Protein chains: 6
Amino acid sequence: MSLFDLPLETLREYRPERDEPADFDDFWARTLQEAAGHELAPEFVPHDAPLSGVRVYDTTFAGWGGHPIKAWALVPEGAGEVPCVVQFIGYSGGRGLPVDHLAWPTAGFATLVVDTRGQGGSNHASPGATGDPDGGAHSQAPGMMTRGILDPERYYYRRVFTDAVRAVDAAAAHPSVDADRISVWGISQGGGIAQAVAALHPSVKAALIDVPFLTHFRRAVEITDRDPYQEIVRFLSSQRDTEEQVFRTLAYFDGLNFAARGRVPAMYSAALMDTVCPPSTVFAAYNLWTGPKEISVYPWNGHEGGGSRQRELQLRHLRKLFSVD
Amino acid sequence: MSLFDLPLETLREYRPERDEPADFDDFWARTLQEAAGHELAPEFVPHDAPLSGVRVYDTTFAGWGGHPIKAWALVPEGAGEVPCVVQFIGYSGGRGLPVDHLAWPTAGFATLVVDTRGQGGSNHASPGATGDPDGGAHSQAPGMMTRGILDPERYYYRRVFTDAVRAVDAAAAHPSVDADRISVWGISQGGGIAQAVAALHPSVKAALIDVPFLTHFRRAVEITDRDPYQEIVRFLSSQRDTEEQVFRTLAYFDGLNFAARGRVPAMYSAALMDTVCPPSTVFAAYNLWTGPKEISVYPWNGHEGGGSRQRELQLRHLRKLFSVD
Amino acid sequence: MSLFDLPLETLREYRPERDEPADFDDFWARTLQEAAGHELAPEFVPHDAPLSGVRVYDTTFAGWGGHPIKAWALVPEGAGEVPCVVQFIGYSGGRGLPVDHLAWPTAGFATLVVDTRGQGGSNHASPGATGDPDGGAHSQAPGMMTRGILDPERYYYRRVFTDAVRAVDAAAAHPSVDADRISVWGISQGGGIAQAVAALHPSVKAALIDVPFLTHFRRAVEITDRDPYQEIVRFLSSQRDTEEQVFRTLAYFDGLNFAARGRVPAMYSAALMDTVCPPSTVFAAYNLWTGPKEISVYPWNGHEGGGSRQRELQLRHLRKLFSVD
Amino acid sequence: MSLFDLPLETLREYRPERDEPADFDDFWARTLQEAAGHELAPEFVPHDAPLSGVRVYDTTFAGWGGHPIKAWALVPEGAGEVPCVVQFIGYSGGRGLPVDHLAWPTAGFATLVVDTRGQGGSNHASPGATGDPDGGAHSQAPGMMTRGILDPERYYYRRVFTDAVRAVDAAAAHPSVDADRISVWGISQGGGIAQAVAALHPSVKAALIDVPFLTHFRRAVEITDRDPYQEIVRFLSSQRDTEEQVFRTLAYFDGLNFAARGRVPAMYSAALMDTVCPPSTVFAAYNLWTGPKEISVYPWNGHEGGGSRQRELQLRHLRKLFSVD
Amino acid sequence: MSLFDLPLETLREYRPERDEPADFDDFWARTLQEAAGHELAPEFVPHDAPLSGVRVYDTTFAGWGGHPIKAWALVPEGAGEVPCVVQFIGYSGGRGLPVDHLAWPTAGFATLVVDTRGQGGSNHASPGATGDPDGGAHSQAPGMMTRGILDPERYYYRRVFTDAVRAVDAAAAHPSVDADRISVWGISQGGGIAQAVAALHPSVKAALIDVPFLTHFRRAVEITDRDPYQEIVRFLSSQRDTEEQVFRTLAYFDGLNFAARGRVPAMYSAALMDTVCPPSTVFAAYNLWTGPKEISVYPWNGHEGGGSRQRELQLRHLRKLFSVD
Amino acid sequence: MSLFDLPLETLREYRPERDEPADFDDFWARTLQEAAGHELAPEFVPHDAPLSGVRVYDTTFAGWGGHPIKAWALVPEGAGEVPCVVQFIGYSGGRGLPVDHLAWPTAGFATLVVDTRGQGGSNHASPGATGDPDGGAHSQAPGMMTRGILDPERYYYRRVFTDAVRAVDAAAAHPSVDADRISVWGISQGGGIAQAVAALHPSVKAALIDVPFLTHFRRAVEITDRDPYQEIVRFLSSQRDTEEQVFRTLAYFDGLNFAARGRVPAMYSAALMDTVCPPSTVFAAYNLWTGPKEISVYPWNGHEGGGSRQRELQLRHLRKLFSVD
């Protein structure tokens, strides 16, 4: 891959105009309030994993609309109350299997690995177990990006972000979790979700946001020809008169608007050859983030970003922030 | 493309074992009966098309679950009661625009062009206008093939086939349509739907089935690596323990089982270089069809099959069968 | 696809220098005069199409060099003298079958669908029936773009544009056509031909020009790597010393020079993600068009442009312009 | 590439039925006789090449229809009468430049490198300089394979093979060439042409035929999906009713029918991973060749076959056969 | 992907002839004996990983030729002597980072993750840290498959397999490892190495072999066109006279010959749509394995095989076999 | 291909900053001095080629580290002392076969065609016969670009450039070669090597440098996504902390630094659509070349550049420069 986006010096200063609906905060306040009308009802069913140092719970809680959302909770064996990392998943994947998620527990954290509703049915590396009962009121492009996109109330990510906010509550409800030390984390779509939750949930204390998706939609659909952003382009190419409506909806879900509300310490990462989530869309959010922040830049990587290297940085960072050793 | 499936002589004799659930007929009788509990409520709103010889109606009727299904009804200007062709659409597409569907009206038929719920949101050539409110109870692969696939009751095509059966009723309800002369027609997914409706709806009088999809699933997923059949493979690669459940569901929707119930005159077409709907899957259905039948074979074509050439054959065939001139 | 050409605001002002040979008008006057030396000899053989509302004629007329050019004439059944749309075809295709061309007849127009000589032999969706007897005096790249390209007199499109001008005469010769209400229309190559004919034939009254090809060659071969413009690049990569000669020839056929002679009302369309006929090449012509004009812009589409949506706009536009209802 | 055709043991025995027109010999006798009505008129214009050991002549002779055919003649400096290799070119290429053809002259042979009319306009490695004035009487697929294919009299390769037979006469007319020691040679299309000329021209004394194209058309179009054989498939996919006519024409040009008339010593080569000219099509001809013969098999190569390795074998073979040292 | 290899029933019985050099055992005895002339010199340098439950050691030992080989040793915190899994890596990868390898430690095992010399320099997900000082005595294809392939003594995998045998000794040398409970494990190339080591090292007690590479070379290079097996084909296509020599070398390294010497319990996995290591090559080895054995078959997966699902099966299997809980 | 790099006018002025190590000259002086410690020991074994006008010698000489390097020497039959062209090979290829290299001998030059160590094992068109015994001290990406790249002393091209400098000495040692008239030549990698040798070897008298590789690394890896430059990017994407070290090493091998030391007449070529060695990297070197120079620009070609056309220009140029006729 070659360098295709802005040069690094420009990226470091890039602060595009945001398109924020006047009722953005109201929209989300109302959304979360409605969701709160459903009992969270978190269940932590002990799961017989072939592991010794970690206890695993097959977890279910009520997400948006009271729909059941699946997750894995992993807790270090024999520890008392520990901090927790609530983890969201990249596009197309699901919570996978417990053995896929051992870094945080081995480092002294509980972790809650949360399904993204409806996803995880085609990715052989991370299967999911959660449906999205709302198929939408109109035609959609294959994938999830345009499900319900003509109406913010019915847009798929309204449900996903709400599920994710409630996942933090579910994590806090686990007896081994110290509710005052919860961080969110995610890569790509997971990063986009973490970014939103960090802005929406008042008791989140830190955010780890890697090569986030769902951020700066307008630029993204114009400069990359890769999925999943291209799902939106395909939709617009078919539903030729919906552009205004689509971007009106997306404004309620754009990471730029969540970043502008970030208050907790955020650790971002961006990759300069990332054609899936182009670096300018990531830096735009990072530059707008209003809380404490740092960013790791991987100049020679694509969407894989820093991989395990970034994981190690995050482990050190959060162990320090949450006083784990 | 090269020849990759069985030789033509073998295709002409190919009659695989069918996998038919014991309650196949019950399943469908119950399904259609439940659907009948919702008023059909067909609406034919005159549409201001820039056309002279054809009247166009923006049509809505209640499909499965009473959900609104969109269609275009086109009727030759000034004719009395005419026969009707109910047309179903290929995968990814929707009802498109009225100007896309002028062959049957110009040939003396009404036509009802029926949306496939949830589809038509990414195909720039045939946009749709109908949602599928049921997003499914589990993870799915992008696309529609695996939405609800773990349970015949919730499988996406249960709703689609039911919508399609009711589309015939909607057509019959139009004042210009002679309900005794209704044919179904479709290409690819549309052909699979037409094949099912011809078996399920007692008053259909003819079937035009081109390179049908949704037929002989087991062989299809084993010999072609192309979408949309591959959506099922991707699902199975991720949801590793669902094979039995998936094929149990598909047995209720497999074109082979509908073909074995075909009674009206059927006109099939197959293409020998078709890697999307391989010719053996088409011939399997054709050979099992129990009513009068004929098949056009296009030896040098892929999934496009006979194209407009086949259209002309169908027009002649149906004008004769339904005494139009 | 992503946005790869100039931004829309710049496109709206983009007026490149034209490269016009001093004898451009003479060249074409002489060309058409020579062609006029051959009898037009239009034949309209009634064709037994399985249609009721439209009469179809298998049409032949003498094009450049007196060569037989095939076309379909379709006339609304039972109407008197009607306006006519002379339609030219996209690259690789031919006149197809009558059932492919029912929009204009259903809307109250005759239409003449004209083969492009030599093309239509590989496109399964629109077969042709007309040869180009002149194979050229030198090596060529596969395809038609470089046949005879070293000499304006022998260049392939000299024959094609001449055929097309004479197609208008053939249309006018049909007894059901009102020769005072003839429009030309085409998409891609067809748009490029229509653009030229509108400038060359004095009795054309309107032009519908969609995502035109054969326009602004110099920029096109430099910014797109897609066929058919790339045929020219491949030729230049092999015939390393012909650049000057090639562009000298192309200057006689460049849509920019025809646009600068446009006088009838023109309706253009352009697509911002069109990598086949990049939007800057289309806007360049549109901006230079000297007659009344309007343009539809499809920001999220590739070379398919507006598709049937654009068709509906054209039907309304021309029904109004030619007083049809 | 993997092994995709028959196993080597089967290839060695593979002798398919030939489809030979009753008037095959008459057709070619008449064709060559007609051509003989045009003066050969070979011109050998000394060409100022920057070479010392080889004299180069820019050559022209009258081919089919008296059309001018270009070639390079290269003769070892200072030798007397030498044997000559008449070389035909692979698909898409032309005679290239003199420096591309130094192996035979350096080995003591004259060589005549013959353009294939109309080709050589897109291949940057071997430009051509000869047009094919006959563009055909019907639509064609891009490329040369289907130009005039509906009629053996007008088929492109009738002209090419005739040019090639006359190229042997042109070679013999050069003062430095010993007309009793002429061999033909070619790779791919060049091999197919050489194969035909060896059968058609009585004074050819040897044939070098590498991975020949234009041989066993029926099998080729069924088992490979690669160009140029696929040009025929694309034509048939568009011109849906021409199959019988097309294969009737091809029977006059099929290498199998020329091989069955082979009488001079032939040196073939085949590559087992050749997806362009599959080994079964090559072995079919080799097995049918009726003269003395040998074949080099390259088990791990694709269409490049033996490359320079085979060239060395041919040089040794022909130096021995023609007593050169 | 579609099914492209033998049907499952045939796979279960597939036992091809083996090509085993007479001195196979001598070759390996001599090779390991020579290696034993170098001190193993294992170093376990404590590594400051941000983990709590696992101790990490940056490990080096002397492999073939005494060359330094890097590995990670991970040991569960606070456990006594534990069994150990020695893990080999898939083609192109290296030992990665410690956080990538937490499943075995969390399950109560030590693990030694061993670099493959020279690899790990292009895979962003698993970097390596070990060079292969021997670049070979002849030309090679890019990659490692043909480095030194003309001579069994200099072949790359002679060094790799020797390194791997000595890795078992290095593992046994760690104070926390119970040398009587060592298993080998690997996926793809790692599986091929594990298979060899299980046959070559007398104190290995179990083998986990997933979709093994380096097995049944002859069939592999004939039926798959994918890397890395294709590196061998590319070499043979260039070095046209080395086929015999190449396969003579490979016979000393073919997994079939190691499988025929398997004596410990082996757990294999195969995937039916695996085009990288086709299932017939895997089943051939499995069927030849002479010790206790079981195989997991993933019918709908490609080379990813069972992924974490298989990992869970292996964890349970080995915990039982080695009495861990 | 489209134009993707700077416009030609800008290219003509493009002179980027060079990154030259302070000890650049020392590094190379020391390197060549060390190499001089090994006897050159050139062997010219007469090779039985089936040629008459050229004598061929299978040549070996001691390169870097005294390693044996293979070459072909070709000398015009019967000439006395002639000038010589030392030819270096493009990436992946080797010295091929003698019949591949007849242009210079036929034009009155000796030529020495030099293997590139380790390469020539996958290219079917130009096999090599020389190994690179030094496999490197660390992980590498497949291919040669990153072998030893972490240390200038161990970097692969240190050995290659040294071999190449000594190849000039080997050429001079041939009795038929006039050591005062030696030119270097190469295309792509061969051009990069020739450029370096022209700067490093004092008795070289001319340089022919076509579309050179190994030049302006920093820009190359940023603007092209094609191999072989991308090997470096893949290495950096895996070995995430080596960027500084890698570019430090490359600075000793960058063509820009050799061009700045060019003193003999140089003939360059560049192609404007060359995505392998982008034109800006070539012009950067050309513009920095300090000796007499000229450049051929091929505006419509990719990495093939001028091909045989350029060869003819070079033959004329060098015949004049070296007074050959």
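Quick caveat, the model's predicted, so the values are computed rather than measured.

## Points about the overall build of chain A
Then comes step 1: A tally of helices and strands in chain A yields eleven helices and nine strands.
Then comes step 2: With the C-alpha coordinates of chain A rotated into their principal frame, the extents come out at 55 × 45 × 35 Å.
Then comes step 3: Looking at chain A residue by residue over its 325 residues, the buried ones come to 69%.
Then comes step 4: Pairs at least 24 apart in sequence give 73% of the contacts found in chain A among residues at least 6 apart.
Then comes step 5: Of the roughly 10000 Å² that chain A leaves accessible, carbon and sulfur atoms contribute 50%.
Then comes step 6: With 29 positive and 40 negative side-chain charges, chain A shows a separation of 2 Å between the mean positions of the two kinds.

## Notes on the sheet that holds strand S7 (residues 206-210) of chain C
Residue and element names in this part refer to chain C.
Then comes step 1: The nine strands lie next to each other as S1-S2-S3-S5-S4-S6-S7-S8-S9, forming an open sheet whose pairing is mixed. On the outer flanks of this sheet lie strand S1 (43-47) and strand S9 (293-298), each paired with one strand and no other. Between one strand and the next, the sheet's axes are offset by a mean angle of 20 degrees, whatever the strand orientation.
Then comes step 2: Pairing of S1 with strand S2 (residues 54-62) involves five bridges; the strand directions are antiparallel. Residue pairing across strands places Pro-46 opposite Tyr-57, the latter belonging to S2.
Then comes step 3: Packing of helix H11 (residues 307-321) onto the sheet brings it into contact with strand S4 (82-88), strand S6 (177-187), S7, strand S8 (266-271) and S9, and relative to S7 it is tilted by some 175 degrees.

## Observations concerning the UniProt feature "domain: Acetyl xylan esterase" (unreviewed entry) in chain A
Then comes step 1: When the UniProt feature table is mapped onto this chain numbering, "domain: Acetyl xylan esterase" (unreviewed entry) sits at residues 1-320 of chain A.
Then comes step 2: The span residues 1-320 of chain A carries 34% helix and 20% strand; its end-to-end C-alpha distance comes to 35 Å.

## Thoughts on the relation of the copies chain C and chain D
Then comes step 1: When chain C is fitted onto chain D, the two copies agree to an RMSD of 0.0 Å after a turn of 180 degrees and an axial shift of 0.0 Å. Expressed as an axis order, the relation between the two copies is that of a two-fold axis. Residue C:Gly135, judged by its C-alpha, is the member of chain C lying nearest the rotation axis, at 1.8 Å.
Then comes step 2: Comparing interface residues between copies, 100% of those in chain C also sit at the interface in chain D, which points to an isologous, same-surface contact.

## Details of empty space enclosed by the protein
Then comes step 1: In this structure, the largest cavity occupies an estimated 210 Å³ of space.
Then comes step 2: Considering the residues around the largest cavity, the lining is formed by 25 residues, among which A:Gln140, A:Pro142, A:Gly143, B:Pro142 and B:Gly143 are closest to the centre.
Then comes step 3: Grouping the constituent residues of the lining of the largest cavity by class yields eight nonpolar, 15 polar and two charged.
Then comes step 4: What the second largest cavity holds in volume is close to 130 Å³.
Then comes step 5: Together, 19 residues line the second largest cavity, and E:Gly143, E:Met144, F:Gln140, F:Ala141 and F:Pro142 are the ones closest to its centre.

## Some remarks on the packing of helix H2 (residues 24-36) of chain D against helix H4 (residues 156-173) of chain D
All names here are of chain D.
Then comes step 1: With their axes 10 Å apart at the nearest point, H2 and H4 run at an angle of 65 degrees to one another. The two elements H2 and H4 cross, and the hand of that crossing is right-handed. Residues Phe-27, Trp-28, Arg-30, Thr-31, Leu-32, Glu-34, Ala-35 and Ala-36 of H2 touch H4, and the partners they reach there are Tyr-157, Arg-158, Phe-161, Thr-162, Val-165 and Arg-166.
Then comes step 2: Residues belonging to the contact of H2 with H4 are distributed by class as follows: eight nonpolar, two polar and four charged.

## Here we look at the packing of aromatic side chains
Then comes step 1: The tally for this structure, following the rule as stated, stands at 138 aromatic pairs over all chains.
Then comes step 2: Between the aromatic rings of B:Trp28 and B:Phe253, the centroid separation amounts to 5.4 Å while the plane-to-plane angle is 85 degrees, which identifies the pairing as edge-to-face. Taken together, the residues span a long stretch of sequence, with B:Trp28 in helix H2 (residues 24-36) and B:Phe253 in the loop between helix H8 (243-251) and helix H9 (255-259) at a distance of 225 residues.
Then comes step 3: For B:Trp28, a relative accessible area of 2% translates into the label buried.
Then comes step 4: A residue is classified by how much of its surface remains accessible, and B:Phe253, at 1% relative accessible area, is buried.
Then comes step 5: Measuring from ring centre to ring centre gives 4.5 Å for E:Phe27 and E:Tyr252, while their planes differ by 45 degrees; the resulting arrangement is tilted. Taken together, the positions of E:Phe27 in helix H2 (residues 24-36) and E:Tyr252 in the loop between helix H8 (243-251) and helix H9 (255-259) put the pair 225 residues apart, joining distant regions of the chain. With respect to class, E:Phe27 is no different from E:Tyr252; both count as buried.
Then comes step 6: Here the aromatic residues A:Phe24, A:Phe27, A:Trp28, A:Tyr155, A:Tyr156, A:Tyr157, A:Phe161, A:Tyr252, A:Phe253 and A:Phe258 are joined through ring pairs into a cluster of three or more.
Then comes step 7: When the ring centre of E:Phe247 is taken as reference, the NZ or CZ atom of E:Arg218 above it lies at 3.8 Å.

## A few points about the interface of chain E and chain B
One frequent convention defines the size of an interface as the accessible area lost when the parts assemble.
Then comes step 1: Listed as interface residues are 13 residues of chain E and, on the opposing side, 14 residues of chain B.
Then comes step 2: Of the roughly 1000 Å² buried at the junction of chain E and chain B (both faces included), carbon and sulfur atoms supply 53%.
Then comes step 3: The largest share of the area that chain E buries against chain B comes from E:Met1, E:Trp300 and E:Arg309, three residues that together contribute 59% of it.
Then comes step 4: Where chain E touches chain B, the interface holds zero salt bridges.
Then comes step 5: The interface formed by chain E and chain B holds seven residue pairs in polar contact (both at pLDDT 80 or more) in total.
Then comes step 6: Of the residues that constitute the side of chain E that touches chain B, the class distribution is six nonpolar, five polar and two charged.

What counts, and where the lines are drawn
- Residues numbered from 1 in each chain as written.
- Chains lettered and ligands numbered in written order.
- Predicted model: local features only at pLDDT ≥ 70, side-chain atom pairs only at ≥ 80, totals over all residues.
- Heavy atoms only, no water.
- Helix = DSSP H or I, 4+ residues; strand = E, 2+ residues; numbered from the N terminus.
- Buried < 20%, exposed > 50% of the residue type's maximum accessible area, 1.4 Å probe, protein only.
- Contact = heavy atoms within 4.5 Å.
- Areas by Shrake-Rupley, 256 points an atom, 1.4 Å probe, with all protein chains shown as cover.
- Lys, Arg positive; Asp, Glu negative; His and termini not counted.
- Charge placed at Lys NZ, Arg CZ, Asp CG, Glu CD.
- Pairing = 2+ DSSP bridges.
- Axes fitted to C-alpha atoms, helices over the stretch in contact; angles between N-to-C directions.
- UniProt positions renumbered as here; feature names shortened; annotations may be inferred.
- Least-squares fit on C-alpha atoms with pLDDT ≥ 70 in both.
- 1 Å grid on protein atoms, 1.4 Å probe; cavity = no way out; pocket = protein on both sides within 12 Å on 5 of 7 lines; lining within 4 Å.
- Points joined across faces, edges and corners; volume = space filled by probe spheres on them.
- Nonpolar A, V, L, I, M, F, W, Y, C, P; charged D, E, K, R; others polar.
- Left-handed = near helix turned anticlockwise from the far one by under 90°.
- Phe/Tyr/Trp six-rings, centres within 6.5 Å; stacked < 30°, edge-to-face > 60°.
- Lys NZ or Arg CZ within 6 Å of the ring centre and 35° of its normal.
- Buried area = accessible area lost by both parts, 1.4 Å probe.
- Salt bridge = Lys/Arg side-chain N within 4 Å of Asp/Glu carboxyl O.
- Polar contact = N/O pair within 3.5 Å; in protein donor to acceptor, adjacent residues only side chain to side chain.

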